[in-house]
Every structure is written in C-alpha cells, then in structure tokens.
Amino acid sequence: MKKSVLFLLLMVASVGAFAQNRDWAIGGKIGEPSGLSLRNYLRNDKNAIEINFGVYGGIWGVKDSYKDGAFNGSGIAVSGLYLWHNEMGSSRFKNYYGFGGQITSRKYFVDDTFNGIPYKKEIPATGLGGVGSAGLEYFSPDSPLSIFMEVGAYVELVPSVFYFHPQAGIGARLNF
C-alpha cells in the first residue's frame, strides 16, 4: 500500500514538473478547516475555482455556543469558492480572494432531563452558509509546489442564521 501511494505521488509530481500549463492544484491545509483542496485555474489567468473538504471546528469553536446549546467537538465541512488572483511584483507571489458556499456537519449539545435527571442531549446539525477567503501564495520557481496562508470566515444561514465562524490556515499545493 505504501509503495502504491508513493508511486502515485511521484507520478503526479512528474506530470506537474513537465506540464506546460499548470491548470490544476491539489493540496492540504492545517488550520480551520484542516483538510484537502482541489483548485482549477481558469484560462483567463485571473480566476480559479476551489473545492475544499476537511475537519471543521477543530481549532476555533471546539466548544462554542450554538443555537440553544453548544458545540463540543469538531465536524466536517465542504466548501466551494470562486477566486480572483493577482501577481504581486513578481510571478512567484500571488494574492487571492473569493467567495462561495459551505456545508457543515457537526453535533451540538443542549441541556435536557430524563426522569428528573439532567443530561446533555446530542443533536446533529447540518449547516449551510456563505464563506469568504483571502490569501497569499508563494510559487517555487524550480518546483510545482506552492505554499500559502489564508484567512476567512463562514457565516451560516441555515439552521442558525448568522452564526459566525472564523477560518484561517497555512498549507501547500502541488500544481500540475
């Protein structure tokens, strides 16, 4: 299994190293949410579409007030963003910003009683809202790798209207 994963990574890196156009990027981020991202750079050299999948609520908001209860743990998040990116002085640095939507799945807890005994009732919550992000990315001149840092926010619209959750992280991408 380890050999298969190593072979796959080497193949992807080889394709990225010899490709004329780097239209795609795959990477990982540590932060909020932590996880994987897939980016498609559009042909106009100004925009990109990004899809992210990761762990939500693992850094900020592990224990956070929510509706009539509180979160006590993390969940998953899937987001899609439309991005604008610009070169900064040299072609090695780019800044980007964008907006999109995010779906979250997480459990929260409310105080309840059963036969007069208090306990925490667990309630699953699937959220839907808007997400915004802005970042700075450095592209290595001799490698298909890039590193980035970004900040943003998720604003839930359903089921908890205007629940605000900050997001930020650092990561790396393989561009191919």
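Keep in mind that this is a model prediction, so the values were computed, not measured. (Residues numbered from 1 in each chain as written. Predicted model: local features only at pLDDT ≥ 70, side-chain atom pairs only at ≥ 80, totals over all residues. Heavy atoms only, no water.)

**Focus on the pairing of strand 1 (residues 24-32)**
Summarising the sheet, strand 1 and strand 2 (residues 34-41) pair through six bridges and their orientation is antiparallel. The residue of strand 2 that forms the bridge with alanine 25 is arginine 39. Where strand 1 folds back on strand 2, the antiparallel hairpin that results is connected by one residue. Where strand 1 meets strand 10 (residues 163-175), eight bridges bridge the pair, whose relative direction is antiparallel. Counterpart to lysine 29 in the pairing with strand 10 is glycine 171. (Pairing = 2+ DSSP bridges. Helix = DSSP H or I, 4+ residues; strand = E, 2+ residues; numbered from the N terminus.)

**So, the pattern of salt bridges**
The final tally for this structure, using the stated rule, is eight salt bridges. Among the ionic pairs, glutamate 122 bridges to lysine 107, the shortest N-O distance being 3.3 Å. Remark: lysine 107 occurs in strand 7 (residues 90-114) and glutamate 122 occurs in strand 8 (residues 117-139); sequence separation between them is 15 residues. Taken together, the shared-partner salt bridges in this structure form one network comprising Arg39, Glu50, Glu137 and Arg173. (Salt bridge = Lys/Arg side-chain N within 4 Å of Asp/Glu carboxyl O.)

**Describing the layout of surface pockets**
What the largest pocket holds in volume is close to 560 Å³. Along its surface, the largest pocket is lined by 23 residues, and Arg22, Glu87, Ser91, Lys94 and Phe139 are the ones closest to its centre. Contributing elements (two or more residues each) for the lining of the largest pocket: strand 6 (75-88), strand 7 and strand 9 (145-158). (1 Å grid on protein atoms, 1.4 Å probe; cavity = no way out; pocket = protein on both sides within 12 Å on 5 of 7 lines; lining within 4 Å. Points joined across faces, edges and corners; volume = space filled by probe spheres on them.)

**Points about empty space enclosed by the protein**
One pass over the structure, following the stated rule, counts two cavities of 30 Å³ or more. The wall of the largest cavity is formed by 27 residues, among which Lys29, Pro33, Asn52, Ser79 and Glu150 lie closest to the centre. Those elements giving two or more residues to the lining of the largest cavity turn out to be strand 1, strand 2, strand 3 (47-56), strand 6, strand 8, strand 9 and strand 10. Considered as a void within the structure, the second largest cavity measures approximately 30 Å³ in volume. As for the second largest cavity, its lining consists of Tyr56, Tyr66, Phe71, Thr104, Arg106, Ala125, Gly127 and Glu156. Sorting the residues of the lining of the second largest cavity by element identifies strand 7 and strand 8 as the ones contributing at least two each. Its residues assigned to classes, the lining of the second largest cavity shows four nonpolar, two polar and two charged. (Nonpolar A, V, L, I, M, F, W, Y, C, P; charged D, E, K, R; others polar.)

**Quick word on the confidence of the model for the chain**
Predicted coordinates in areas of low pLDDT are best not read in detail. Per-residue pLDDT for the chain averages 88, and the proportion of residues at 70 or more is 88%. Confidence drops under pLDDT 50 across residues 1-20; counting only partners more than four residues distant or on other chains, this segment forms 10 contacts. (pLDDT = per-residue confidence, 0-100. Contact = heavy atoms within 4.5 Å.)

**Concerning the environment of lysine 63**
By the element assignment, lysine 63 lies in the loop between strand 3 and strand 4 (65-66). Measuring from C-alpha to C-alpha, the distance between lysine 63 and tyrosine 108 comes to 9.3 Å, with 45 residues separating the pair along the chain. Lysine 63 has contacts with Phe71 and Asn72, leaving out every residue within four places of it along the chain.

**Re the pairing of strand 2**
Bridge analysis of strand 2 against strand 3 gives eight bridges, and the strand direction is antiparallel. Among the inter-strand pairings, glycine 35 is bridged to a residue of strand 3, identified as glycine 54. Remark: five residues form the turn of the hairpin made by strand 2 and strand 3, two consecutive strands paired antiparallel; aspartate 45 in that turn has positive phi of roughly 60°.

**Topic: the packing of aromatic side chains**
For the structure on display, the rule yields nine aromatic pairs. For the ring pair tyrosine 66 and phenylalanine 71, a centre distance of 4.4 Å and an interplane angle of 35° mean the geometry is tilted. Judged by relative accessible area, which is 4%, phenylalanine 71 ranks as buried. Ring centres 5.5 Å apart and planes at 15° place the aromatic pair tryptophan 84 and tyrosine 97 in the stacked group. One end of the pair, tryptophan 84, is in strand 6; the other, tyrosine 97, is in strand 7, and 13 residues separate them in sequence. Given a relative accessible area of 33%, tryptophan 84 falls into the partly exposed group. In this structure an aromatic cluster arises from ring pairing among Tyr66, Phe71, Tyr108 and Tyr163. Positioned over the ring face of tyrosine 96 is arginine 39, at 4.6 Å from the centre of the ring. Its guanidinium or amino end placed over the ring of phenylalanine 71, arginine 106 lies 3.7 Å from that ring's centre, counting from NZ or CZ. (Phe/Tyr/Trp six-rings, centres within 6.5 Å; stacked < 30°, edge-to-face > 60°. Buried < 20%, exposed > 50% of the residue type's maximum accessible area, 1.4 Å probe, protein only. Lys NZ or Arg CZ within 6 Å of the ring centre and 35° of its normal.)

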